[in-house]
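Observations on chain architecture
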Amino acid sequence: MIETHKLSKYYGDLAALVDLDLHIDEGTIFGFIGPNGAGKTTTMRILATLLEPTRGRAVIDGLDVRLQGKEVRRRVGYMPDFMGVYDDLKVFEYLEFFAAAFNIERRKRKDIVEGVLELTDLQGKRAAAVDSLSRGMQQRLGLARVLIHDPKVLILDEPASGLDPRARIEIRELLRELKRMGKTIMISSHILSELEEICDHIGIIEQGRLVFSGTLDEIRRRIGIQNKMRVRVTGDPQRAVEVLTALPNVREVRREDGYVAVMYAEGCEIDGSIARALVQAGLDVLALEPEQLKLDNAFLELTQGIVH
Amino acid sequence: MPHHDSWRTWQRCHPIDLFGPIVDKELRIASRHKTHYALRTLYVAVLTVSLAGVWFSTVGLGPVTAGAHQVAAMARAGRTTVFLITAIQFFALPVVAAVLLSNSISEEIERGTLAVLLTTPIRSLQIVAGKLVGRLMLLVLLVAISLPLLAIVRVFGGVPWGFIVTGVCLTFSTAVFAGSLSLLASTWLPRAHQSAVVALAVLVLLGLLTAVQARLAPGPIASPGLSHLWATAALFSPYTVFLQNGGTLNPGLGTGSGAPWVAHCLLTLAVSIVLCLLAAVWLRRAMLVEAFGGRRRFLAGWFGRNARHRFVEQRDVRRLRGPCMFWKDTQHIRPRPWLEPAMVAVVAATFYVAAWLVPPSLASRHVHAALAGIIVFVGLMRTAVLAAGACATEREKRCWPVLLTTLLDERQIVRQKALAILTATLPLWIWLVLHTSVFAAIDVLDPVALVGVAVFVPTGLLLFLGLGMYFGLRATTVTRAVAMTFAVVVGLCFVLPMAAVANPVVGVILSFLIDGRDVYGRLGQLLFMLMFVGPVLVVDVFLGAGFLWQAECQIRRHVFARSGSDGIGD
Ligand SMILES: Nc1ncnc2c1ncn2[C@@H]1O[C@H](COP(=O)(O)OP(=O)(O)O)[C@@H](O)[C@H]1O
Ligand SMILES: [Mg+2]
């Protein structure tokens, strides 16, 4: 549904986006993740026809973003990272305004607006001034606006940032609902765990380059290679490091504040052999505990190498 | 302990403290501000040009011949120069003061720093005093620039010190008054230009007071039979006092003896202090509102966005009709659709009643010309300001990204916005056309006046709309957009001699003054058509359409422009 080929954007000398190749299938939720300044917003603006790429091509639903802007806009709902609101309009008026901006006929508008209000659970706020809404409500209003012309593709730039946990859960539910309706959703965040439950695919971007792209399982497998065991022993920890390094299936051993951390290959039962080896070497094992890598830590590990 | 408390309060109010941190901040910001450099340069340029003009017109370029004639001419030149500099200062600096202070509080509100100031130990009176003193320092600098000039000119003789001292004192007291008024207004009004307009309107009213006085007391202004009313009223209007003061220099203007300028200055300063105290009280409220939410009521409720809030809340949901951008901007520009027609009707009625009471007025071409000039000026200025505002708010509210991902294209956006802006001044134009048609029909005005209206109003609208929209799209805030549009409009109309030919206000006034009944009049008509109508159609339409077209092209280019890089920042 969305494809980019060697998409690049330079602001003067600054490379905001370098040769980005994305492929997002129809009907999936794609999580676009990266630290601040990585180039997520830039990518989304290009896809939403707001920015011209310096090089490369982006195609949505078979249409070139640069050449067929109007057709692309018909198919895409874009929610920017900072949603502007008109302070002199009410919720219903705001939505009707955008309905009219998408050339929806006057007599159909009311039903459509009521429909999206219901979907986003904003019926009670129909007559509230737009800028009197809380941040969570405003984000839902933003989603309602994006849905007004029933686009196939949704591009949402950090919709959950600045929301409280409850509002986050609500947004997540809403996104699930939209996926069930068959929409293709591209959603960005700088927090991986925020998207882990709803995304089918993840792309991790760092300094304008895609460092990883794949399903959640793939990402787990890739980082999960380094399953980690934390060991505490009596006596000389350096000796423990030497003993453990010699074991099969162990990838790396290092000392971490009072512990010895053992990184080992995915899928092997290693705790028995660790304990045995240590005891044989005359070291008493005080603690031996596994540590599953959290997705956020994984994200950090994946991106760290490039930052420094 | 109450005693202890009041002591602490007094301590915090100590005069030296009063101007502490805010003055410091304002001065540091001001010295870096680009507009301040521009203002200083412009000021020096205006002074130099007018001085040169006076010098050549009185002393001349001829061979230097020593003698009594030459000395007398130099003394005359000296007097005129001093009068001119003092007058320029006196008329210009209060206006500058009103403009400089117009965004003092609304700026802090816009940036959201007012609530932060509230949490510091700085008192609201300190903020007010700090803003006033900090920003008026520039005026001191401007006057200081001209003082050496005045001193040199004095060498030629003929200028009493009293005149210069009085002039400077009057200038400062009026500037402080205009500044405090503007500052007070900016605690109610959300936009800088609104505060400036309030302060300038009061200055204009004072000027009108002087004009009325001059009408009521014909002959030498300060005749021995000076009425009490005159003396009392003079205390209020700096312009009256200034004219009287002019009498000390130029006997033709009146006798300067007993000019109550000291009393006037003291009174003005006292009023200014009261205004500042009021501003401090309102500021405190504005700060609390800003910190804890809620809305500014009072006058803002009638003028600014808060009016729309209240108004919007009163009604149920409005249904959209017509083109969407046009509808939205109309809601924004004219939340009360009846207000403009009603205001125009009231002003028109007042004008006709006043004109009827003073008999020769409506028979005089000059009155009609003045009326037409004012209507055109106000209408075009309002159009430019609305255009700048309507475009700059989109950026200020960060709405371009969502607008430009709809199916609206740039041309539709520009056209619909333009339509919404143009309808706002429609009542004014209807009045002008009706007025002109009626008085042309009863033969008071020459039919060429109708040609003038038909040519200059649409072309002027096109030009001012284009300018306003272009700068509205380039600037980062509404305030900046309005300021830039103003600067360009004033520059175009009054500075460039070529553009003065294409100036719609001048054009309309001239078309009203022509009387085609005799030969000279017919010649005038012909010249008018050739000199004005032609250039206007070419220059204004070309420029206006060009700016509109540029505005259209700018929209997408500057959606995400950062101040300083692409858009016009400070
Ligand atoms: N209009 C602009 N002018 C110059 N640089 C920009 C502009 N917009 C973004 N950038 C730069 O491009 C890089 C990517 O920004 P962005 O796409 O906003 O990152 P993200 O959304 O991932 O936080 C950043 O280094 C940012 O400073
Ligand atoms: Mg971003």
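These figures come from a predicted structure and were not determined experimentally.

A count of helices and strands for chain B gives 25 helices and zero strands. Buried positions account for 49% of the 570 residues belonging to chain B. Sequence-distant contacts in chain B: of pairs separated by 6 or more residues, those separated by 24 or more amount to 79%. As presented, chain B carries roughly 27000 Å² of accessible surface, and 73% of it is formed by carbon and sulfur atoms.

Moving on, we come to the overall build of chain A. A count of helices and strands for chain A gives 11 helices and 14 strands. Over its C-alpha atoms chain A spans a radius of gyration of 24 Å, topping by over 25% the 19 Å that the globule rule assigns to 308 residues. Long-range pairs, those at least 24 residues apart, make up 67% of the contacts in chain A with a sequence separation of at least 6. For chain A, the accessible area works out to roughly 13800 Å², and carbon and sulfur atoms hold 46% of it.

Quick look at the nonpolar core now. Residues I60, L95, L156 and M186 of chain A together with M469 of chain B are the most contacted members of the largest nonpolar core, which totals 108 residues. A total of nine residues in this core trace back to one element, the largest contributor, which is helix α3 (residues 91-101) of chain A. Sequence-distant contacts of L95 of chain A, defined by excluding residues within four places in its chain, comprise V113, V116, L117, L141, A144, R145 and I148 of chain A. By size, the runner-up hydrophobic cluster in this structure holds 57 residues, among which are F90, V128, L136 and F242 of chain B.

Turning our eyes to something else, we now look at the pattern of salt bridges. Taken as a whole and assessed by the stated rule, the structure comprises 29 salt bridges over all chains. Each of D61, E71, R74, R75 and K152 of chain A takes part in one network of salt bridges that share partners.

Surveying the vicinity of ligand 1 reveals 13 residues, the closest of which are G37, G39, K40, T41 and T42 of chain A. Residues close to ligand 1 are split across chains A and B. Taking K40 of chain A, its main chain carries an N or O atom lying 2.9 Å from an oxygen atom of ligand 1. Here an oxygen atom of ligand 1 and a side-chain polar atom of T41 of chain A are 2.5 Å apart. In the complex, 77% of the free accessible area of ligand 1, which totals 560 Å², lies under the protein chains. Here the element with the most residues in the shell around ligand 1 is helix α1 (residues 40-47) of chain A; it accounts for three residues. A per-class count over the shell around ligand 1 returns six nonpolar, five polar and two charged.

Right, let's talk about α1 of chain A for a bit. All names here are of chain A. Of all eight residues making up α1, eight are buried, and the element is well covered by its neighbours. Along α1, the residues that are buried comprise K40, T41, T42, T43, M44, R45, I46 and L47. Within two residues after α1, T49 carries a phi angle of roughly 70 degrees, on the positive side.

What follows concerns the confidence of the model for chain B. Residues and elements named next belong to chain B. Here chain B averages 76 in pLDDT, while 76% of its residues score no lower than 70. The secondary structure element of chain B with the lowest average pLDDT is helix α14 (residues 305-314), at 45, and the one with the highest is helix α20 (residues 426-441), at 94. Per-residue pLDDT stays below 50 along residues 251-257; that stretch engages in 11 contacts with residues further than four places along the chain or on separate chains. This prediction of the complex comes with two scores: 0.74 for pTM and 0.78 for ipTM.

Attention shifts here to helix α25 (residues 519-557) of chain B. Compared with the 57 Å implied by 1.5 Å per residue over 39 residues, the 55 Å span of α25 of chain B between its first and last C-alpha is a close match. The largest bend along α25 of chain B measures about 30 degrees and falls at V536 of chain B.

All names here are of chain A. One non-glycine residue with positive phi stands out, namely D121, at about 60 degrees. By the secondary structure assignment, D121 is in the loop between α4 (106-119) and α5 (135-147). Residue classification places D121 among the exposed positions, given a relative accessible area of 52%. Within the chain, D150 stands out as a residue other than glycine whose phi angle is a positive 50 degrees. Looking at the secondary structure, you find D150 in the loop between α5 and β7 (153-156). D150 gets classed as exposed once you look at its relative accessible area, which sits at 54%.

As a further point, take a nonpolar patch on the surface. Residue and element names in this part refer to chain B. On the surface, L209, F236, L267 and V271 cluster together into a nonpolar patch covering about 320 Å² of accessible area. Of note, L267 is situated in helix α13 (residues 261-292). For L267, a relative accessible area of 32% puts it in the partly exposed group.

So, about the sheet that holds strand β4 (residues 55-60) of chain A. All names here are of chain A. Read from one edge of the open sheet, four strands run β2-β1-β4-β5, paired in antiparallel fashion. The sheet is open, and its two edges are formed by β2 (14-24) and β5 (63-64), each paired on a single side. With seven bridges joining them, strand β1 (residues 2-11) and β2 adopt antiparallel strand pairing. Residue pairing in the sheet places Y11 in a bridge with L14 of β2.

The next point concerns the packing of aromatic side chains. Taken as a whole and judged by the stated rule, the model has 18 aromatic pairs over all chains. Here the aromatic rings of F91 of chain B and F242 of chain B are separated by 5.9 Å at their centres, their planes lie at 75 degrees, and the arrangement is edge-to-face. Of this pair, F91 of chain B sits in helix α5 (residues 68-101) while F242 of chain B sits in helix α12 (residues 238-249), placing them 151 residues apart in sequence. Ring-pair connections join several aromatic residues into one group, and the members of that group are F83, F90, F91, Y239 and F242 of chain B. Taking the ring centre of F82 of chain A as reference, the NZ or CZ of R398 of chain B above it sits at 3.8 Å.

Conventions we followed
Residues numbered from 1 in each chain as written. Chains lettered and ligands numbered in written order. Predicted model: local features only at pLDDT ≥ 70, side-chain atom pairs only at ≥ 80, totals over all residues. Heavy atoms only, no water. Helix = DSSP H or I, 4+ residues; strand = E, 2+ residues; numbered from the N terminus. Buried < 20%, exposed > 50% of the residue type's maximum accessible area, 1.4 Å probe, protein only. Contact = heavy atoms within 4.5 Å. Areas by Shrake-Rupley, 256 points an atom, 1.4 Å probe, with all protein chains shown as cover. Rg over C-alpha atoms; globule rule 2.2 N^0.38 Å. Core = buried A, V, L, I, M, F, W, Y, C linked by side-chain atoms within 4.5 Å. Salt bridge = Lys/Arg side-chain N within 4 Å of Asp/Glu carboxyl O. Near = heavy atom within 4 Å. Polar contact = N/O pair within 3.5 Å; in protein donor to acceptor, adjacent residues only side chain to side chain. Nonpolar A, V, L, I, M, F, W, Y, C, P; charged D, E, K, R; others polar. pLDDT = per-residue confidence, 0-100. Expected span 1.5 Å × (residues − 1). Bend = angle between axes of the 7 residues up to and from the residue. Patch = residues over 30% accessible without salt bridge, like charges linked within 9 Å, V, L, I, M, F, W, Y side chains within 5 Å. Pairing = 2+ DSSP bridges. Phe/Tyr/Trp six-rings, centres within 6.5 Å; stacked < 30°, edge-to-face > 60°. Lys NZ or Arg CZ within 6 Å of the ring centre and 35° of its normal.

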